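Each chain, written out:
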Amino acid sequence: MIQISLNGELQREDDNCTLADALVHWQTQGLIGKQYAVAINGEFIPRSLYGQKILHNADLVDVVQPIGGG
Amino acid sequence: MSPPETQLTLYGETFDSRLLLGTALYNSPQLMRDAITASRTQIVTLGLRRQNPASGDGAVIWRFIQDSGCRLLPNTAGCKTVKEAVTLAHMSRELFNTDWIKLEVIGDEYNLQPDPFGLVEAARILTEDGFKVFPYSTDDLILNQRLMDVGCQVLMPWGAPIGTGQGLLNRYNLNTLRQRLQVPLIIDAGLGAPSQAAEAMEMGFDAVLLNTAVARAGNPVLMAKAFADGIDAGHNAYLAGLMQSRQTASPSTPVIGQPFWHQSTPQ
């Protein structure tokens, strides 16, 4: 197992888990919604790369959603 | 559709409204939706934050914004470094499917003043990446010239610090920007009253971006309309050409033919 940070909260995922797998997992758990964009360790991850991106231990994952803004 | 001289053109797109409205701080998503309608805006700003599905408001706000049909101008609010702003801009482009970005790189926590050095660097990187950058800047001439140098075709100087409602704090600098820079200039932030927005438009600014003054009004929907009317009035006044102010009074009613004036007493 690896331990990563999802929006500042610790999460455990399987070794060699892809970002795509983790996003499905987090959606099932109600941790993220349907509209989102992702950065890992401060780097933007395009949607086209979700299936190739392997999560590593201690990764910092930010999943963001639209909000009102000025 | 408005006649061409009253239309706003930003990065090749034209708009009838000269009010850009923020979508934060409303007491409810419904109030935000109704304020958008009352403002007659065609461009709304919005942001990105970490997912919080437990708060249902986010999804409702997003649905209302989509239903409004407005052009989206996502922001990088809260970013303090070039890297943060660039990353958030890329996330926005993917999620909102737009290359427009309201670029904020904040340099000071107290007055939320833009970091001019980070702002120019982030604007350069994003422009090279194909973004159409709307930089939130101060009223400093050189900063705004540098932003143009790196490819910004629209500039958004502050009237006053965000959320203060203090109006146009430095008219000299703002007038200088208007006189020297031949790109669309949008007063972004610091306005608290429709009269202040009207004054900005009378000075020749192309548009106004607001949020707090509407969202925190006692009646946000009515205030949205008041700002829209003020902006229209100010822009029409600019097009009409204001008279020169002067020190000495001058009668508006003709003096010639004035009865009882220099009358001779009959002998």
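Located above this text is the structure these notes cover.
Residues numbered from 1 in each chain as written. Chains lettered and ligands numbered in written order. Predicted model: local features only at pLDDT ≥ 70, side-chain atom pairs only at ≥ 80, totals over all residues.

Trainee: Looking at this structure, how should I read the overall build of chain B?
Mentor: Counting its secondary structure elements, chain B contains nine helices and 10 strands. C-alpha extents for chain B along the principal axes are approximately 95 × 40 × 40 Å. Considering chain B as a whole, with its 267 residues, one finds that 45% of them fall into the buried category. When contacts within chain B are restricted to residue pairs at least 6 apart in sequence, those whose partners lie at least 24 apart make up 65%. (Helix = DSSP H or I, 4+ residues; strand = E, 2+ residues; numbered from the N terminus. Buried ≥ 20, exposed ≤ 12 C-beta atoms within 10 Å, placed from the backbone. Contact = placed C-beta atoms within 7 Å.)

Trainee: Explain the overall build of chain A here, please?
Mentor: Of regular secondary structure, chain A possesses one helix and five strands. Each helix and strand of chain A, ordered N terminal to C terminal, gives the series β-β-α-β-β-β. Compactness check: chain A gives a C-alpha radius of gyration of 12 Å against a globular reference of 11 Å for 70 residues, within 12% of the reference. Summarising its shape, the C-alpha atoms of chain A cover approximately 40 × 25 × 20 Å along the three principal directions. Sorting the 70 residues of chain A into buried and exposed places 30% on the buried side. (Rg over C-alpha atoms; globule rule 2.2 N^0.38 Å.)

Trainee: Is there a simple way to think about the nonpolar core in this case?
Mentor: All names here are of chain B. Leu103, Ile186, Val208 and Phe227 are the most contacted members of the largest nonpolar core, which has 91 residues in total. The biggest single contributor to this core is helix 3 (residues 82-96), with eight residues. When near neighbours in sequence (up to four residues on either side) are disregarded, Phe227 contacts Leu19, Ser39, Pro194, Ala197, Leu210 and Val214. (Core = buried A, V, L, I, M, F, W, Y, C linked by C-beta atoms within 7 Å.)

Trainee: What's the story with the interface of chain B and chain A in this structure? I'm lost.
Mentor: Many authors give the size of an interface as the accessible area that is lost as the parts come together. Counting residues at the interface gives 27 residues for chain B, matched by 22 residues for chain A. Going through the elements one at a time, strand 4 (43-50), helix 2 (57-68) and helix 3 of chain B are the ones with two or more residues in the side of chain B that touches chain A. Here the residues of the side of chain B that touches chain A sort into 12 nonpolar, 11 polar and four charged. Sheet topology places strand 5 (residues 60-68) of chain A next to strand 4 of chain B; five bridges connect them, and they run antiparallel. Bridge assignment links A:Val64 to a residue of strand 4 of chain B, and that residue is B:Arg50. (Nonpolar A, V, L, I, M, F, W, Y, C, P; charged D, E, K, R; others polar. Pairing = 2+ DSSP bridges.)

Trainee: Help me understand the environment of B:Tyr136, please; the structure alone is not making it clear to me.
Mentor: Residue and element names in this part refer to chain B. Inspection of the secondary structure assignment puts Tyr136 in strand 7 (residues 132-137). What makes Tyr136 buried here is the crowd of 25 C-beta atoms within 10 Å. It is 9.1 Å that separates the C-alpha atoms of Tyr136 and Ile187, two residues lying 51 residues apart in sequence. When sequence neighbours within four positions are dropped, the list of residues in contact with Tyr136 reads Lys102, Leu103, Glu104, Pro114, Met156, Asp188 and Ala189.

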